[in-house]
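What follows is the residue order along each chain.
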Amino acid sequence: MAKINVLSKDVYQLIAAGEVVERPSSIVKEMIENSVDAGATSITVEIKNGGSTYIRITDDGCGIERSEVRKVFVSHATSKIAEKDDLNSILTLGFRGEAMASIAAVSKVELLTKAEGEDVGTRCVVHGGEEIAFDDAGCPKGTTIAVRDIFYNTPARMKFLKKDVTEGNAVAGVVDRMAISHPEISFRFIRDGKQTLITSGNGDLKSAIYSVFGKEVASSLVEVDYTYENMRLTGFVSTPTASRKSRAMQFFFINKRLVKSATAMAALEQAYKNSIMVGRFPMCMLNIELNPALVDVNVHPAKIEVRFANEKPIFDLVYYGVKSVIEADRTVREADFTPKLEVICEGAAKSEKTYSAKLDFFKKKNDAPVQQVFTSKPSRDFWVSEKAEDYRTDVTEEPKKEPEPVVEKQTEKVTVTDEDKTEEIRFRLIGEAFKTYLIVEIENELYFIDKHAAHERMNYERFRAQSTVETQILLTPVAVNLSKDEFEALCDNLDLMEKCGFEAEPFGESAVLVRSIPSLAVGSDVKDMILEIAQKLLEHKTDIEPEKIDWIYHSASCRGAVKAGDNTTPEEQKLFVRKLLSMPNIRFCPHGRPVFIKISKYDIEKQFGRV
């Protein structure tokens, strides 16, 4: 049998350090949290070489009394808790008493601090867990900690560090997240001698977000402030039109502590369902304020994972808080006019700009586009060139005819009631493009309406509004053959199907016989609709009933909607627009695609050079 050894202090500290100190960014996180807990109103973070050789954090907090300084580097020494019951009411970011001891065990640390009322500050230097110096120092109230040469005594750990730019970006990410979780603190970040971030510390979260992420992100956010069962949700979420391709911009905080929460993430994305496209994700910076006894933050040394006493109230808080905000949002996606002019610098004088434009206007069939290079800014008629003559044809003038009188289309009026407010909207139906997009003029804007997406969402809202779904009995029942798995999934949900307006029954070993469908889906291909619903039910076996009902409504709404390319008369179009404009909550189809895209008169005139 192997002999049991009691590990020495040096070995134990290196093992403990491995849990807390993974890379420079984890050191910065722990030290900033200590500064926040010390009541700092200003924190400066400075790094060099990604933080691997130098990290310095300065705060104006309460400082550390001289008699307490040596305890900073002792394992499990903390000012945040004193007994086990304190673990049930943790409101500080730090509490384990491991961070500084672990950091000092694998680096060279110099601490300068001065507490309120002390005449002189204290300097303490620790290398690899061993005290090197302890003496007086001249410094202002607060604490400054410099960490040098991370993992200098554990080369095996050092080789796992990534490139300086990668480690530096990770540190920047930590500072960013701390800045938005504590807008009342002014953060300053200096990277290799260059200041890359400064926040005002005025307590305005929107201002902190602007400083960290820029104008584009800040302008696409809407504020959330929602209370539910003695909990409060505050912060910002993005409008549905400002979705992203990843979850990288989703930040959740519990009592201002950054956490990872699958519950909060699921609630957020569920709130955006039917308003955002599949594969796109909303942005959020949300803080959940709750009784600390209801959450366990003592799960992992990094303190980013938490457990809730009850997950459901957290889900409901986030879901209803976010849902109430995005349902009130009336933002319409605007058309994007991005310049496509290609800039070519080769062969041009340094003082001149050279532009390239492809000429497609007079292109002969099967000919490659002509390309010209222009020096300085192209003139208004830049597409006229010596090549143009090759593409002109003789035109025989026809006898002039008297112009037909122009009959201006009359404006229509529709009354809209939204959140107890009633207003009149005047619109003019311009027409239809590609048998798919209705073009409507409202004041100084043109709206392009996807008639299928709009009709699909209108059907979906009608389904949801009905206490009992209206059904239509089929003249001839329709038999639908399914795979064994689909057949089983559908048969397990026949009662649910009946709630949604479908009357179906097993027909043999792998088919169902459909006798009635929702009235809104009349005219649809019944077989395709049932096959789609069966597949969705199979994919989402464990989903709750409302979720399954949603999928059924989605399918029936889509199948019952007018299709792109379908012929619609001007009167049908006009009635359709009137109905759509009277439903101000409709901005997206059930799959998240936009119903409207608008172009302002100003944008059009800008394209024509009128403004």
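The structure under discussion appears in the preceding block.
Let us look at the structure shown here. (Residues numbered from 1 in each chain as written. Predicted model: local features only at pLDDT ≥ 70, side-chain atom pairs only at ≥ 80, totals over all residues. Heavy atoms only, no water.)

### Thoughts on the pairing of strand S3 (residues 108-114)
Note the cut-off: Throughout, exposure labels follow a simple rule: accessible area from a 1.4 Å probe, protein chains only, divided by the maximum for the residue type, with under 20% read as buried, over 50% as exposed, and the rest as partly exposed. Helix numbers and strand numbers start at the N terminus; a helix is a DSSP run of H or I with at least 4 residues, a strand a run of E with at least 2. When DSSP finds at least two bridges between two strands, those strands are taken to pair.
Among the seven residues that make up S3, five are buried, leaving the element largely enclosed by the rest of the structure. Two elements, S3 and strand S4 (residues 121-127), share six bridges in a ladder whose sense is antiparallel. From the neighbouring strand, Val109 faces S4, where its bridge partner is Val126. The hairpin formed by S3 and S4 contains six residues between the paired strands, and Gly117 there has a positive phi angle of roughly 90°. Of the strand pairs in this sheet, S3 and strand S6 (residues 142-148) are connected by seven bridges, and their pairing is antiparallel. Residue Thr113 lies in a different strand from S6, and its bridge partner there is Thr143.

### Details of the sheet that holds strand S25 (residues 503-506)
Quick reminder of the rule: To obtain an axis, a line is fitted to C-alpha atoms, over the contacting stretch when the element is a helix, and the angle between two such axes runs from 0 to 180 degrees between their N-to-C directions.
Ordered in space as S24-S26-S25, the three strands form an open sheet in which the pairing is antiparallel. Every other strand in the sheet has two partners, leaving strand S24 (471-481) and S25 as the edge strands with one partner each. Strand-to-strand twist of the sheet, defined as the mean angle between neighbouring strand axes without regard to direction, takes the value 15°. Where S24 and strand S26 (residues 511-518) come together, seven bridges link them in antiparallel fashion. Residue pairing for S26: Ala479 is matched across the bridge by Leu513.

### Let's talk about helix H11 (residues 451-465)
One turn of the α-helix equals 3.6 residues, which is why residues spaced by three or four share an orientation. Quick reminder of the rule: Working rule for helices: expected span equals 1.5 Å times residues minus one. The term polar contact refers here to a pair of N or O atoms within 3.5 Å; inside protein, the definition further demands a hydrogen-donor-capable atom paired with an acceptor-capable atom, and it admits residues adjacent in sequence only when both atoms are side-chain atoms.
The end-to-end C-alpha distance of H11, which contains 15 residues, comes to 21 Å, matching closely the 21 Å that a straight helix rising 1.5 Å per residue would cover. Most of H11 sits inside the fold, with eleven of its 15 residues counted as buried. What H11 keeps buried is the set Lys451, His452, Ala453, Ala454, Glu456, Arg457, Met458, Asn459, Tyr460, Glu461 and Phe463. Capping the start of H11 is the job of one residue whose side-chain oxygen sits 3.1 Å from the backbone nitrogen of His452: Asp450.

### Some thoughts on the pairing of S6
In terms of residue burial, S6 counts as a mostly covered element, since five of its seven residues are buried. Direction of pairing for strand S2 (residues 54-59) relative to S6: antiparallel, over a ladder of six bridges. Along S6, the bridge assignment pairs Ile57 with Ile145.

### Things to note about the packing of helix H9 (residues 262-271) against helix H10 (residues 311-328)
So the rule is basically this: The labels follow the angle: roughly parallel below 35 degrees, roughly antiparallel above 145, roughly perpendicular from 65 to 115, and oblique for the rest. The handedness criterion is simple: a crossing whose near helix is rotated anticlockwise from the far helix by less than a right angle is left-handed, and one whose near helix is rotated clockwise is right-handed. Throughout, a contact is declared for two residues whenever any of their heavy atoms are within 4.5 Å. Side-chain classes follow a simple rule in which Ala, Val, Leu, Ile, Met, Phe, Trp, Tyr, Cys and Pro form the nonpolar group, Asp, Glu, Lys and Arg form the charged group, and the remainder, Gly included, forms the polar group.
For the pair H9 and H10, interaxial distance at closest approach is 8 Å and the crossing angle is 30°. Classed by the angle they form, the pair H9 and H10 counts as roughly parallel. Crossing of H9 against H10: the hand is right-handed. Touching Thr263, Ala264, Ala266, Ala267, Leu268, Gln270 and Ala271 of H9 are Glu311, Ile314, Phe315, Val318, Tyr319, Val322, Lys323 and Ile326, all from H10. In the contact of H9 with H10, the residues fall into eleven nonpolar, two polar and two charged.

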